[in-house]
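As a plain string of letters, each chain reads:
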Amino acid sequence: PFDAAEAMAPLPRAFQWADGSAYVNHVELVRKARGAEMPDSFWTDPLMYQGGSDAFLGPRDAIRFPAEAVPGWGIDMEGEIAVVVDDCPMGIAPEAARERIRLVMLVNDVSLRGLIPGELAKGFGFFQSKPSSAFSPVAVTPDALGAAWDGGKLHLPLRVDLNGQPFGRAEAGQDMTFDFGQLIAHAAKSRPLTAGTIIGSGTVSNKDPDGSPGRPVAEGGRGYSCIAEVRMGETIRNGEPATPFMGWGDRVRIEMMDAEGRTIFGAIDQVVEQA
């Protein structure tokens, strides 16, 4: 029988893991948090980074770092959707790219916020600030998602809990500026993608209907899929952040339910530990 406690990621490693930023609301908030400008091109051309794909974490694996990581490294979770694609030729169009999606799953794209500004200031991209990511125990075919999958987006809330409390309930199909077809086409602009390549959505993020950065679940909002967004909202409202990044013993759970309340992908459930 399936034992979720012992589950590995559907793919323990991959030829390629490329993570986009489809939810521009998230990009806007985290850039504000580190005092970076928001170019207009971010609304028309997706951001993407190439992550480490040789050592994915299982959905129940601890998130382990050395002692100096707390609080200095700013350990954060990022709840995301990801797809696994078939072979994609260089220059594939978004419409054709949608037909190459073979599997859908969830991701915790762990980020080290305290390391990001200095690393990006060198002008050469993420490396140390983007450690191993964790994936849900189950990946499903798009047709298994029924009406919730429209070919390029998944229209269900992403449930993120922090230390047993509701933290995020963002609607994955809303405020997604670039769908998966566009993200895949972006990744394949100058290279073919090998079957088994994983493409991530970036942090699922919603604006409030009034245009504000969002409200916590406890205040009737959809909450957040990462701590950085909470801290930016606090800064906008109060002048400074109050919520700390993750520390030793903090636990994050990321899951998605179908219309009948049944888990689709199983849960990512991880605790932060000192290595």
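Keep in mind that this is a model prediction, so the values were computed, not measured. (Residues numbered from 1 in each chain as written. Predicted model: local features only at pLDDT ≥ 70, side-chain atom pairs only at ≥ 80, totals over all residues. Heavy atoms only, no water.)

Counting residues in each nonpolar core, the largest one holds 55 residues, and the members touching the most others are Ile 81, Val 83, Val 104, Leu 154, Ile 184, Met 256 and Phe 265. Of all the elements, helix 4 (residues 180–187) adds the most residues to this core, at 4 residues. Counting residues in hydrophobic clusters, the runner-up holds 11 residues, among them Val 84, Met 105, Val 107 and Phe 135. (Core = buried A, V, L, I, M, F, W, Y, C linked by side-chain atoms within 4.5 Å. Buried < 20%, exposed > 50% of the residue type's maximum accessible area, 1.4 Å probe, protein only. Helix = DSSP H or I, 4+ residues; strand = E, 2+ residues; numbered from the N terminus.)

Quick look at the sheet that holds strand 10 (residues 165–171) now. Read from one edge to the other, the open sheet built from 5 strands follows the order 3-13-12-9-10, with strand pairing classed as mixed. Edge strands, defined here as strands with exactly one partner in the open sheet, are strand 3 (63–65) and strand 10. Across the sheet, the axes of successive neighbouring strands diverge by a mean angle of 20 degrees, strand direction being ignored. (Pairing = 2+ DSSP bridges. Axes fitted to C-alpha atoms, helices over the stretch in contact; angles between N-to-C directions.)

This next bit is on the pairing of strand 13 (residues 268–274). When you tally the buried positions in strand 13, you get 5 out of 7 residues, the bulk of the element. As paired strands, strand 3 and strand 13 are joined by 3 bridges and run parallel to one another. If you follow Arg 64 over to strand 13, its bridge partner there is Glu 273. With 4 bridges joining them, strand 12 (residues 251–255) and strand 13 adopt antiparallel strand pairing. Bridged to Val 252 within strand 13 is Gln 270.

The next subject is the pairing of strand 10. By the criterion of burial, strand 10 is predominantly enclosed, with 5 of the 7 residues buried. Both strand 9 (residues 157–162) and strand 10 contribute to a ladder of 6 bridges, which runs antiparallel. When the sheet's bridge partners are listed, Pro 157 is paired in strand 10 with Glu 171. Joining the antiparallel neighbours strand 9 and strand 10 is a turn of 2 residues, in which Asn 163 adopts a positive phi near 55 degrees.

Space inside the largest pocket adds up to approximately 580 Å³. Forming the walls of the largest pocket are 32 residues, and the residues nearest its centre are Asp 19, Leu 47, Met 48, Tyr 49 and Phe 126. Residue assignment for the lining of the largest pocket shows that the elements contributing at least two residues are strand 1 (17–20), helix 1 (24–33), strand 2 (48–51), helix 3 (116–121) and helix 4. With 4 residues, the top contributor of residues to the lining of the largest pocket is helix 1. Taken together, the residues of the lining of the largest pocket sort by class into 12 nonpolar, 10 polar and 10 charged. (1 Å grid on protein atoms, 1.4 Å probe; cavity = no way out; pocket = protein on both sides within 12 Å on 5 of 7 lines; lining within 4 Å. Points joined across faces, edges and corners; volume = space filled by probe spheres on them. Nonpolar A, V, L, I, M, F, W, Y, C, P; charged D, E, K, R; others polar.)

Moving on, we get to the packing of aromatic side chains. Applying the stated criterion across every chain, the model contains 6 aromatic pairs. Among the aromatic side chains, those forming a connected cluster through ring pairs are Trp 17, Phe 56 and Phe 135. One cation-aromatic arrangement involves Lys 130 over Phe 126; the distance from NZ or CZ to the ring centre is 5.1 Å. (Phe/Tyr/Trp six-rings, centres within 6.5 Å; stacked < 30°, edge-to-face > 60°. Lys NZ or Arg CZ within 6 Å of the ring centre and 35° of its normal.)

Next up on the list: the sheet that holds strand 1. Pairing between sheet strands relies on hydrogen bonds along the backbone, with the strands arranged either parallel or antiparallel. Strand order across the open sheet formed by 6 strands is 2-1-11-5-6-8, with mixed pairing between neighbours. Every interior strand has two partners, whereas the edge strands, strand 2 and strand 8 (134–135), have only one. Pairing of strand 5 (residues 79–85) with strand 6 (residues 101–108), which is carried by 7 bridges, proceeds in the antiparallel orientation. From the neighbouring strand, Glu 80 faces strand 6, where its bridge partner is Val 107. Along the sheet, helix 4 contacts strand 1, strand 2, strand 5, strand 6 and strand 11 (198–200); its crossing angle with strand 11, the most-contacted strand, is approximately 120 degrees. (Contact = heavy atoms within 4.5 Å.)

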